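# Geometric and topological summary
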Amino acid sequence: MRLGILISGRGSNFEAIANSISRGKLDAEIAIVISNRPGAKGLEIATARGIPAKCIPSRGLDREEYDKLLIEELKANEVELVCLAGFMRLLSANFIKAFPNRVLNIHPSLLPAFPGLDGQKQALDYGVKIAGCTVHFVDEFLDSGPIVLQSAVPVLDDDDVDSLSARILAQEHATYSQAIQLIAEERVVIEGRKVRILPERAA
Ligand code: GRF
């Protein structure tokens, strides 16, 4: 399964996916990494690992114009699954239509709680005892779309945003690869808002 990974910055989720592939835990191939921001750390990581990477700057372009460029690049690289990994833009309905049920996102909260920016801080400020992360299919709304997997992370009394974010991030790295692997194994079925995970096939 050919992945197209969209990033805007650090790229640690992308790197975790690349690690899962090189360790033989994820049966996929990264066809291209695209950043909308020049200078994204994730682009350097990709280049250093010999993974095709490209910046397509979004500045000055409206959503439709930008998404058209993205679709062209992803299709030219024969991408089968688009993985948003810290990609700080909403995608247009046309983008979603170009990859129906084939766009995933990772969000650092247990959705539908705390969508949008700073999910970890929102959780901490609210006082929840359990935080976590969510891998979900992307629709044209913010952090909505059917949920594939979630991982829970306890909030400790002395947590600050950094300590909680670090523990959530470790779960993000594991959970994203697991979700992609389930899709690679064709075990993910979308039924309306819900996702059913089919049992492992007998060898
Ligand atoms: C992660 O916390 C992810 O859940 C959110 O943005 C952050 C990206 O981090 N969508 P990285 O660029 O993958 O390190």
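The numbers attached to residues start from 1 for each chain and follow its sequence in the written order. Restriction of local features to residues with pLDDT of at least 70 applies here, the model being predicted, together with a cutoff of 80 or more for giving and counting side-chain atom pairs; totals for whole chains, interfaces and linings are based on all residues. Remark: hydrogens and water are excluded; side-chain values derive from all non-hydrogen atoms of the structure.

### Section: the packing of helix 5 (residues 119-126) against helix 6 (residues 161-184)
Lines are fitted to the C-alpha atoms to define the axes, a helix being fitted only along its stretch in contact, and any angle between axes, read from their N-to-C directions, falls within 0 to 180 degrees. Helix and strand labels come from DSSP, where a helix needs a run of H or I of at least four residues and a strand needs a run of E of at least two; each type is numbered from the N terminus. One can describe the packing of helix 5 onto helix 6 by two numbers: an axis separation of 9 Å at closest approach and a directional angle of 120 degrees. As the angle between them shows, helix 5 and helix 6 are arranged oblique. Handedness of the helix 5/helix 6 crossing: right-handed. On the side of helix 5, the interface is formed by Q120, K121 and L124, while helix 6 contributes V161, L164, S165 and I168. Each angle is binned into one of four classes, with values under 35 degrees roughly parallel, values over 145 roughly antiparallel, values of 65 to 115 roughly perpendicular, and all other values oblique. By definition, turning the near helix anticlockwise from the far helix through less than a right angle yields a left-handed crossing, and turning it clockwise yields a right-handed one. Contacts are assigned to residue pairs that have any heavy atoms within 4.5 Å of one another.

### What about the pairing of strand 8 (residues 188-191)?
Here the rule is simple: two strands pair whenever DSSP picks up at least two bridges between them. For strand 8 and strand 9 (residues 194-197), the ladder comprises four bridges, and the chain directions are antiparallel. The partner of V189 across the bridge, within strand 9, is R196. The antiparallel pairing of strand 8 with strand 9 creates a hairpin that spans two residues between the two strands, and G192 there sits at a positive phi of about 65 degrees.

### Comments concerning the side chain of E73
Topologically, E73 is positioned in helix 3 (residues 63-76). The cut-offs for exposure are 20% and 50% of the maximum accessible area for each residue type, with area from a 1.4 Å probe on protein chains only; residues under the lower value are buried, those over the upper are exposed, and the others partly exposed. Overall, E73 belongs to the buried group, its relative accessible area being 16%. Beyond its immediate sequence surroundings of up to four residues, E73 is in contact with I32, I34, K54 and I56.

### Description of the domain arrangement of the protein
By the assigned domains, the protein splits into domain 1 (1-100) and domain 2 (106-203). Placing a centre on the C-alpha atoms of domain 1 and another on those of domain 2 gives a separation of 19 Å. The partner domain 2 presents 16 residues to the 20 residues of domain 1 that form the contact. A buried area of about 1500 Å², summed over both sides, lies between domain 1 and domain 2, and 68% of it is on carbon and sulfur atoms. Any Lys or Arg side-chain nitrogen located within 4 Å of an Asp or Glu carboxyl oxygen qualifies as a salt bridge. Our enumeration of links across domain 1 and domain 2 arrives at zero salt bridges. Here a polar contact is taken to be a pair of N or O atoms separated by no more than 3.5 Å, where protein atoms must pair a possible hydrogen donor with a possible acceptor and residues adjacent in sequence count only if both atoms sit in side chains. Taken together, domain 1 and domain 2 are joined by five residue pairs in polar contact (both at pLDDT 80 or more). Taken together, the elements giving at least two residues each to the side of domain 1 that touches domain 2 come down to helix 1 (12-22), strand 4 (81-84) and helix 4 (93-98). If one sorts the elements of the side of domain 1 that touches domain 2 by residue count, helix 1 sits on top with five residues. Domains are outlined according to an automatic or database domain assignment. Defined in terms of a 1.4 Å probe, buried area is the accessible area two parts forfeit on being brought together, summed over both.

### Details of the packing of aromatic side chains
What counts as a ring pair is set by centres within 6.5 Å for rings of Phe, Tyr and Trp (its six-membered ring), and what kind of pair is set by the plane angle: stacked under 30 degrees, edge-to-face over 60, tilted for all other angles. With the rule as written, the count across this model stands at two aromatic pairs. Taken together, a centroid distance of 5.4 Å and an interplanar angle of 40 degrees make the contact between F95 and F99 tilted. Whether a charge sits over a ring comes down to the Lys NZ or Arg CZ being within 6 Å of the ring centre and within 35 degrees of the ring normal. Above the ring of F99, the side-chain terminus of K75 is found at 4.3 Å from the ring centroid.

### Examining the packing of helix 1 against helix 6
Two numbers describe how helix 1 lies on helix 6: the axes approach to 9 Å, and their chain directions differ by 50 degrees. Classified by the interaxial angle, the pair formed by helix 1 and helix 6 is oblique. The two elements helix 1 and helix 6 meet at a crossing, and its hand is right-handed. For the pair helix 1 and helix 6, the contacting residues are S12, N13, A16, I17 and S20 in the first and L169, E172, H173, Y176, S177 and I180 in the second.

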